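Architecture and fold: a report
Here's the letter readout for the chains.
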Amino acid sequence: MTESPDIENLAQAMPHGTSLWEDAVHRLRKNKLAMFGLCYLLILVLVCLITPWIAPYGYEEQNLRLGAVGPTAEHWLGTDTFGRDLLTRILYGGRISLLVGFIATFVALAIGVGYGAIAGYVGGRVDAIMMRLVDIIYALPYMIFIILLMVVFGRNLLLLFLAIGAVEWLVMARIVRGQIQSLRQQEYVEAALSLGLSPAALIIRHLIPNALGPVIVYTTLTIPNVMLLEAFLSFLGLGIQPPQSSWGVLISYGVETMEEFPWLLIFPGLALTVTLFALNFLGDGLRDALDPKASKD
Amino acid sequence: MPQIRAVSFVLLFSLFLSACGGGNSETRVEAGNREGVLHFGNHSEPQGLDPHIVTGVPENHIILSLFEGLVSKNPYTLEVEPGVAESWEISEDGRVYTFHLRNNAKWSNGDPVTAEDFRWSWQRALSPILGSEYSYMYYGIVNAEAYNKGDMPDFSQVGVKVLDTLTLEVTLISPVPYFLQLTDHHSMYPIHRSSVESFGAADDRIAPWAREGSIVTNGAFVVTEWQVNSHVRVEKNPLYWDADKVKLNAIVFYPTENLVTEERMFRDGQLHRTEEIPLEKIATYRQEQPEVVAIAPWIGSYFYMINTTRHPLDDVRVRKALAMSIDRELVSETVIQGVHLPSTSLVPPGTLGYEPPKVFSYDPEQARALLAEAGYPNGEGFPGFELLYNTHEDHRKIAVALQQMWLENLNINVNLVNQEWKVYLDSHNNMNYDMSRRGWIGDFVDPYTFLNMYISEGGNNNTGFANARYDEIVLKEAPAELDRDKRYKLYREAETILLENMPILPVFTYQFKHLIQTSVKGMPTNIMDHYNYKYVSLEPQG
Amino acid sequence: MWRFITFRILQSIPVILTVITVTFFLVRAAPGGPFDSEKAVNAQVKAALEARYQLDLPMHEQYLSYLSDLFAGDMGPSFYYPGRSVNDLIFQGLPITAELGLYALIFALLVGTLAGVFAALKPNTIQDYIPMSLAMIGICMPSFLLGPLLVLIFGIWLDIMPISGWGDTPGDKVLPSITLGAMYAAYIARLSRSGMLEIMNQDYIRTARAKGLPEHTVVIRHALRGGLLPVISYLGPAFAALLSGSFVVETVFQIPGLGRFYIQAAFNRDYTMILGTTVFLSTLIVVFNLLSDVLAAWLNPRLRYQFRQ
C-alpha cells in the first residue's frame, strides 16, 4: 500500500516535538514572577560584580562632620553616622551576602550530591548506614551548634561557609539519593552497565544529569535560606565582622538607630527582602516548570 | 465561604484588641513615684551578690543597697560618713584606726552586727583560695598580703583586732590617706557568718548562700525577689539602724542589656534611671529634655593598651606616632557626641586635684616623621596590626573612626577584631593581642588606683612594660610621702615615664551618661558614680 | 503502630547521645575559660576553682562524670552564676520560652491555615494572590527585621503596643508572638494551600459535592483532614525552628527566656549551662519530632509503611 498523503500532511501539521528541558524553559518563561526574579538576580549579580568600578564612594570613606543624613543628590540612599555612603555599602554588602549565599550553597551542593549519589547508587547496607547518619545529623538542633561553633572557634569567613554548608547538605543528599535510586532501576542503566560502562562514569554522565531537576530547584531555594542564616548570625554578632559588612550586618546597625535614621534600616532591609523574594519566586517557578505536579513545600 | 471569613476576622480582631492592653493607665514610673519604688536600669544580670567575689558595676549597684561597711559616702561630696561604725580615731602616725561600731546595727535576721563579724569577714575575703579579685584593697593592712598569698597562714598576725564586741582596731603598714574610703568598697563589707557557713565552707565560691530567701544582709534594703534575666527587687529593711532616714520603699533593678531598648523603656515611663544613653539620642535629649540628662565626669580612663613585645609595636616611635595621629577632639565631638573627653594621660585630670603631665598632643606631621624614623616612611612596609575591642557599639564606633584616621594620617592598615568579654579578657591575660581597647574605672579617688596598674608585676599590666624607676615611685616613694603636693609631684614623674614609653595609648577620660527622671531626688552625679540610696526619694510629678 | 513508635524511640537515642558528646567536647575546646576576669586571678585560686568544678580531671573522666550526673537529672552548677545550678536556670527560662513558642505556634497555625485554605478555595484569583504574596513576605523577611519594624510602627510611631518585656505590661506578649510566628504562618499557609489543592481535585470530593453537600461541609469535614496533613508533618521541624527563632526574638524584645540564656551562656563560656541547654533543647526537639511523626502516621496509614523502607 502506498502512504496516504494525509500522513505527510499530518507530520507537517503536528507541532515540533519538544524535549523535557525545552518544555520546562517554556513553562518558566510564562511564569511572570519567576522571570522577574531571574532578571532581578542577573542584574543584581552584574552590579555587584562591577561594584568596585562603579561605586560612587570608597567603602570605608568617612565624613565625620557630615554624620548621618537622608537621601540627597550626593548620597542617593543617605549616609550613616560616620558619613559613609549607604548605597556604596549596600552594594559591597550585597557582594558579601551573595558570595556567602553562593559559596555555602555550593559547598552544600557538592557534599550533598556526592553523598546522595553514592548512597542511592550503592544501596543496601551502605545506603542504610549513610542515611541513618543523615537522620542523626538532621535531628541535631543545627542553630544551636552553629552558634556554638562560631562562638568557640571565632568568627572567620571560611568557618562560616563550612558551618552553613555543613548544615544545608542534608536535604540535598536525601533528594539526590531518592532520585538516583529511582533512576537506577531504569532499563537503560542495566543496558549501559552490561555494555561495560563503569559505575563512576554511569553516575557522572547519566544519573546525575537526570537527577538534576530537583537539585536545581532545591539549590535555588537553598541560597535564600543560607543568606538568611548568615544575616541572622551577623545580627547576633557572630557572622561577618566589621569592617566587612553584609546585608545582615547593615540591618543590625540600622536597627540600633532606626528611630533617628530609618533609612539605615529600610534600604538594607529592602535589599535583602527583595533579593530573597526574587530567589524564592525563581525557585518556585523552576519547580513548577520542571514538575508541575509536584506539591509545594 | 463568607461565614468562615467573617468568623475568623472577628476572632482575630478581638484577639488583637484584647491583647492591646490598657492604653492610658498609669506608667510604671508614675506608680513608682506614688509607692516609693525606684525602677533602676542596671545594664546586665548580676553574676551574684557575694560582696567579696563580684567585680562588676551592676552587681555593685545592688550590693550598695543590701550591705553596709564601716563607713558610707555622701553622694554629693563623696565625703566619708558613719556607717556601721559610728565614730573612729586615727593615731598620730596615721597607721592605727580604731572603729567604734554602733550598738543598734542589725543583720536582716535580727542578729547584731559586731566587730567580730568584720574580722571574720575580712579573713574570709583574704582567704587564699577564695580568689577575691579585690584582695589588693586590703594590702595596706599589716600582713594582709602575706596571708592572702598563702605565705602566712596565721590570721592573728594580720593587723585586724577585735578589742571588744563593738570595737575594731586596724593597723596599716604605712599611712594610707584614702583608707577610710576603701572600707566603703564592697570587698570590705561584712557578711553573716552562720548563714554563710550553713551552706558549706566559707571559702567555697559556689556555695549558694547569696540568693534570695537565704542571703542575710545588714543594709538599708533586703532582697525579696530575684528572677534571673528579669529583675531583682529589694525592699526597705525595717531592722536597719537608720531606717527612719530611708525614704524609698523598694528598688527594682532591671538587666537592660540593650541600650536602645533601655532608652525606650525610659521614654515609655518604665524606668526612673538608665545605665546608658544611645549616642544618637544624646543631641535630641540635650535639646528637648536637658533636665533628665546626667552626663558628668567619671573617674575612669578609656585607652588602648599595647603589647610592647609584638612587632611593629615594639618600637616606641611607632607607638608615639600612633598616639599623635588621632584627632581626639574630632572623634569625641562627632562619633560619641561629646560624651567622653579627649585625654592624653592615664590618670583623669582633676582626680582629687591631681593634674597629669602633658607629654604629647595631636600632631600628624610629627607622627609621620616618627614613623619614617622607625623605618616606615609614609607607611611603606608597615606590617599592620590588629586592634582588639570588646563587643559594644560604642567601642566599635570609636575603633572604626581611629582606624580611618590612621589610614589617612599615616597611610597604614589596621585590622579590627572584636571579642566578647570573656575571650577578650583571656586575650589580655595571655598577652594574645597587638593593641586592645581598655577601660579602667578607679576604685577610689586617688591617682594610685590608675598608676598601680602598670607596675612590672601588676596582674593588670599585660603590656610588657616594666620600668624600675616607675615601680620605685609608685610602690615605695609615693605611699611614704604624706604631703599631698609632694606625692602628686612624684606621681607626675611616674606618669611621665609611663607616657614617654607609651605602653598605653590614652584616648578619653570617661564621663558616664544616664537618663534620670525628674521625680528622682537625692541621686546627684559624683565622680565615682556612687549611689547612696538612703538619700533618694521620689516626688510624684505634678 | 506500637512497633513504629518503639522503633522511632530507639532511633532517637543515638541522636541524643551524639548531641551530648559533640557539645561536651566542643565546649571544652573553646578559648576563654569561665574564670577569666578583668582583675587577674592568681594561680592558686584558679587551681582551687578548677578542682571545685572538676576541670582538673582528665577529659574522659569529666565526660563520664557528667553523663552519670545527667542521667540522675543533675546538670551541674552554672559556671557563670556561682550558687545557681543549671537546672535552676533552665527551669526559670523554660516556661517563658514555652509560652512564647506556644503563642507563636497558635498564631502561625490559625493565621496560616486560614490563609492557606482561603487561598486554595479560589486558586489563581485575587483571593489566592494576596494571601500568598503576604506569605512570601513572611518567608523573606527575617524576624530580626520584622520585629524592629513592628516595634517602630506600633510601639513608637503609633504608641499602642509595649516595646519590650514579657508579662510586665499588658499586651507585651503580642508583638513578640507575632514576630516569631510570622515566618511559620507563611510556610503553613503555603503548605495548607497546596495540600488543600491536591485534595480538592480528588474524586471523593467531587462525589461529596455531587451528593449535594453544602460547600462548607465538604471543606471542613472532608477536605481538611487530608489537606492539612502536610501541615501536621511540618509541625516537628517547625517546633525546632521556633526554638531557634526564639533566640532572636527574645533578644530583640528583651524576654528572659531560655533562648536568651543560651546566647548569654555561649558568650560567658558558661560550659555547664551551654551543655545543659543544648542537651535539653535537643531532647525536646527530638521528642517533638517523634510526636509529630506519630501524629502524622496516625492520620495517614500510608506514612507508617514508608518509614519501614
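Now for a description of the structure that goes with this document. (Residues numbered from 1 in each chain as written. Chains lettered and ligands numbered in written order. Predicted model: local features only at pLDDT ≥ 70, side-chain atom pairs only at ≥ 80, totals over all residues.)

Moving on, we come to the overall build of chain A. For chain A, the count of helices and strands is 12 helices and zero strands. Written out in order from the N terminus, the α and β elements of chain A read α-α-α-α-α-α-α-α-α-α-α-α. Considering chain A as a whole, with its 297 residues, one finds that 45% of them fall into the buried category. Long-range contacts, defined here as pairs at least 24 residues apart, represent 71% of the contacts in chain A between residues at least 6 apart. (Helix = DSSP H or I, 4+ residues; strand = E, 2+ residues; numbered from the N terminus. Buried ≥ 20, exposed ≤ 12 C-beta atoms within 10 Å, placed from the backbone. Contact = placed C-beta atoms within 7 Å.)

With that settled, consider the overall build of chain C. For chain C, the helix and strand inventory stands at 13 helices and zero strands. Ordered by position from N to C terminus, the α and β elements of chain C give α-α-α-α-α-α-α-α-α-α-α-α-α. If one aligns the C-alpha atoms of chain C with their principal axes, the spans along those axes are about 85 × 55 × 25 Å. Within the span of chain C, comprising 309 residues, buried residues form 50% of the whole. Across chain C, the fraction of contacts at a sequence separation of at least 24, relative to all contacts at a separation of at least 6, is 75%.

The next point concerns the sheet that holds strand β10 (residues 250-254) of chain B. All names here are of chain B. As summarised here, the arrangement of the four strands in space is β1-β10-β9-β8, forming an open sheet in which the pairing is mixed. Edge positions in the sheet fall to β1 (37-41) and β8 (221-227), since each of these pairs with one other strand and no more. Taken over all neighbouring pairs, the strand axes of this sheet differ in orientation by 20° on average, direction set aside. (Pairing = 2+ DSSP bridges. Axes fitted to C-alpha atoms, helices over the stretch in contact; angles between N-to-C directions.)

Another point: the interface of chain A and chain C. Across the boundary between the two partners, chain A contributes 28 residues, which contact 36 residues of chain C. Listing elements by their share of the side of chain A that touches chain C, those giving two or more residues are α6 (124-139), α7 (142-153), α10 (199-236), α11 (247-256) and α12 (263-290) of chain A. Tallied by class, the residues present in the side of chain A that touches chain C amount to 21 nonpolar, four polar and three charged. (Nonpolar A, V, L, I, M, F, W, Y, C, P; charged D, E, K, R; others polar.)

Moving on, we get to the pairing of strand β14 (residues 414-419) of chain B. By the bridge criterion, six bridges tie strand β13 (residues 385-390) of chain B to β14(B) in an arrangement that is parallel. Bridge pairing in β14(B) places E386(B) opposite N415(B).

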